[in-house]
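Single-letter residue listing:
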Amino acid sequence: MNKEKKQNLKKSNRLVKNLVIIIIPLLLLVIFFLALQNPTTPALTLSKEISVDEAYHLFQNDEFILDVRQPEEYEAGHIPGSVLIPLDILESRLSEIPKDNEVVVVCRSGNRSATGRDILLNAGFTNVTSMAGGMNQWINKAYEIVVGP
């Protein structure tokens, strides 16, 4: 290799090193600022749907359990400490649901809770999930329930 080609190669190598030294910190800054703009990263939010066992764990940690069934269904058996807001009036009572807690939405089988979860997500709640299998699965697992209002 002649002297001129070696010099050009050295210049190219220096240019690449300098670009790397500049680009990597810039990329890290961009990622940092994007994370600040959106503090609710997927790792910090609940899955759209969780199992009854996962819901039971959240129940044990005193997270907010929202029951969207009808009053007669709720009185037949509900999760202790859960709050009843029937699905058909949920949108008018959003102010009763804490935004700073994890919210687990439950129903009889899991269909209405998914709808309730979506209503909350569309209203700006970020840490909301629905319980797959609903109270049917909760009772099958023999987890604690309360009968009555």
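Residues numbered from 1 in each chain as written. Predicted model: local features only at pLDDT ≥ 70, side-chain atom pairs only at ≥ 80, totals over all residues. Heavy atoms only, no water.

Peer 1: Please provide a residue-by-residue account of the environment of I85, values included.
Peer 2: Examined against the element boundaries, I85 turns out to sit in the loop between β3 (83-84) and β4 (103-106). In contact with I85, other than residues within four places in its own chain, are L66, D67, V68, L90, R93, E96 and I97. (Helix = DSSP H or I, 4+ residues; strand = E, 2+ residues; numbered from the N terminus. Contact = heavy atoms within 4.5 Å.)

Peer 1: Give a detailed account of a nonpolar patch on the surface, specifying residues and quantitative values.
Peer 2: A contiguous nonpolar patch, built from I21, I22, I23, L26, L27 and L29 and spanning about 580 Å² of accessible area, is present on the exposed surface. Looking at the secondary structure, you find L26 in helix α1 (residues 3-37). For L26, a relative accessible area of 49% corresponds to the partly exposed category. (Patch = residues over 30% accessible without salt bridge, like charges linked within 9 Å, V, L, I, M, F, W, Y side chains within 5 Å. Areas by Shrake-Rupley, 256 points an atom, 1.4 Å probe, with all protein chains shown as cover. Salt bridge = Lys/Arg side-chain N within 4 Å of Asp/Glu carboxyl O. Buried < 20%, exposed > 50% of the residue type's maximum accessible area, 1.4 Å probe, protein only.)

Peer 1: Break down the confidence of the model for the protein for me, with residues and values.
Peer 2: A residue-level look at the protein finds 87% of positions with pLDDT of 70 or above and a mean pLDDT of 86. At the level of individual helices and strands, the protein shows its lowest average pLDDT in α1, which scores 72, and its highest in β3, which scores 98. Throughout residues 39-44 the model reports pLDDT below 50, and contacts reaching past four residues in sequence, or to other chains, amount to four contacts. (pLDDT = per-residue confidence, 0-100.)

Peer 1: Could you give an account of the sheet that holds β4, with specific residues and numbers?
Peer 2: Spatial strand order, β1-β5-β4-β2-β3: five strands in an open sheet with parallel pairing. Among the strands making up the open sheet, the edge pair consists of β1 (49-50) and β3. Summarising the sheet, β4 and strand β5 (residues 128-131) pair through three bridges and their orientation is parallel. Within the sheet, the bridge partner assigned to V105 lies in β5 and is S130. Running over the sheet, helix α4 (residues 111-122) touches β1, β2 (64-67), β4 and β5 and is turned about 175 degrees from β5. (Pairing = 2+ DSSP bridges. Axes fitted to C-alpha atoms, helices over the stretch in contact; angles between N-to-C directions.)

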